[in-house]
Amino acid sequence: MYKVFPAQLDCLANALAFIENETADPDPKRQMKLRLVAEEIFVNIVAYAYPNGQGEVAVSLSRGPDKLIIEFRDSGKPCDPLTRADPDISLPVDQREPGGLGLFMVRQLASGLSYRYENGENILTMEMDLGDENAKA
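Numbering of residues starts from 1 in every chain and runs along the sequence as written. The predicted origin of the model limits local features to residues at a pLDDT of at least 70 and limits the giving and counting of side-chain atom pairs to 80 or more, whereas totals for whole chains, interfaces and linings rest on all residues. Where side-chain values are given, they derive from all heavy atoms of the structure, hydrogens and water being excluded.

Caption draft 1: Inspection of the overall build of the protein at higher detail. Numbered from the N terminus, helices here are DSSP runs of H or I no shorter than four residues, and strands are runs of E no shorter than two. Looking only at helices and strands, the protein features three helices and five strands. Going from N to C terminus, the protein has its helices and strands arranged as β-α-α-β-β-α-β-β. Each residue is placed in one exposure class: buried if its accessible area under a 1.4 Å probe, protein chains only, is under 20% of its type's maximum, exposed if it is over 50%, and partly exposed if it falls in between. Residues counted as buried form 38% of the 137 residues belonging to the protein. For the protein, the accessible surface area stands at approximately 7800 Å², while carbon and sulfur atoms represent 52% of it. For the area figures, the Shrake-Rupley method with a 1.4 Å probe applies, and any residue is considered shielded solely by the protein chains shown.

Shown next as structure tokens:
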């Protein structure tokens with residue numbers, strides 16, 4: 001499954017509905033994790049890949065026997081979000097550098113993340129395990 005959305009925050013609900021409808025995961029906890037991760041990635045693309053507010057985000061979904069793979073593509077400003085260091089969550093909130101918590105959450109919830117820049121596109125691929133929920137809590 002594949003669909004393209006305008007890279008605008010008011011299109012977030014449509015992108016999430018597409019992902020949720022196409023995955024139709026019966027596990028509500030896993031569905032919530034998927035929603036949180038997809039929302040963070042979509043919002044980051046809107047905010048960082050297209051600072052001028054114009055562009056598109058392509059979302060494709062595929063399913064293996066025990067894995068869901070979601071690929072986000074955009075032709076915005078090249079940016080590998082996986083090179084950003086995790087925030088130091090041991091520090092008090094007022095001593096932390098701003099930003100980075102969303103991507104930290106994505107790294108914790110997804111079973112796999114990869115990034116590549118190819119043919120003028122940022123391509124972020126996320127994997128979510130569909131097996132035992134206790135395997136990655």
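Back to the text.
Caption draft 2: Representation of the nonpolar core. The definition of a nonpolar core used throughout is a set of buried Ala, Val, Leu, Ile, Met, Phe, Trp, Tyr and Cys residues joined through side-chain atoms within 4.5 Å. By size, the foremost hydrophobic cluster in this structure holds 32 residues, and its most contacted members are I19, I41, F42, V59, I70, F72 and M126. Residue assignment for this core shows that the elements contributing at least two residues are α1 (12-23), α2 (28-49), β2 (56-63), β3 (67-74), α3 (101-109) and β5 (121-129).

Caption draft 3: How the structure looks around the packing of α1 against α2. Following both chains from N to C, one finds α1 and α2 inclined at 145°, their axes separated by 10 Å at the closest point. In terms of crossing hand, the pair formed by α1 and α2 is right-handed. Between α1 and α2, the contacting residues are L12, A15, L16, I19, E20 and T23 on the first element and Q31, L34, R35, A38, E39, F42 and V43 on the second. Lys, Arg, Asp and Glu make up the charged group, whereas Ala, Val, Leu, Ile, Met, Phe, Trp, Tyr, Cys and Pro make up the nonpolar group; the residues left over, Gly among them, are polar. The residue makeup of the contact of α1 with α2, split by class, is eight nonpolar, two polar and three charged. For helices, the fitted line uses only the C-alpha atoms of the stretch in contact; every axis is such a line through C-alpha atoms, and the angle between N-to-C directions lies from 0 to 180 degrees. Crossing handedness: left-handed means the near helix sits turned counterclockwise from the far one by under a right angle, and right-handed means the same turn made clockwise. By definition in these notes, contact holds between two residues if any of their heavy atoms fall within 4.5 Å.

Caption draft 4: Structural view of the pattern of salt bridges. Any Lys or Arg side-chain nitrogen found within 4 Å of a carboxyl oxygen on Asp or Glu counts as a salt bridge. Counted according to the given criterion, the structure contains eight salt bridges. R35 is the partner of E20 in a salt bridge, and the nearest nitrogen-oxygen pair spans 2.8 Å. A residue pair is termed long-range when its members are at least 10 positions apart, and E20 in helix α1 and R35 in helix α2 qualify at 15 residues. One salt bridge in this structure joins D129 and K67, with 3.7 Å as the shortest N-O distance. Here D129 is found in strand β5, whereas its partner K67 is found in strand β3, with 62 residues between them in sequence.

Caption draft 5: Expanded view of the environment of L68. Tracing the sequence through the fold places L68 in strand β3. Residues L68 and E127, spaced 59 residues apart in sequence, show a C-alpha to C-alpha distance of 5.6 Å. In contact with L68, not counting residues within four places along its chain, are T23, L34, L61, S62, M126, E127, M128 and L130.

Caption draft 6: Representation of α2 within the structure. Given the number of residues in a helix, its expected span is that number minus one, multiplied by 1.5 Å. Counted at 1.5 Å a residue, the expected span for α2 with its 22 residues is 32 Å, and the 31 Å between its end C-alpha atoms agrees. What α2 keeps buried is the set R30, Q31, K33, L34, V37, A38, I41, F42, I45, V46 and A49. Counting of polar contacts relies on pairs of N or O atoms within 3.5 Å, with two restrictions inside protein: one atom must be capable of donating a hydrogen and the other of accepting it, and residues adjacent in sequence are counted only when both atoms are side-chain atoms. Two to three positions downstream of the cap, the backbone nitrogen of K29 sits 2.9 Å from a side-chain oxygen, assigning the N-cap of α2 to D27.

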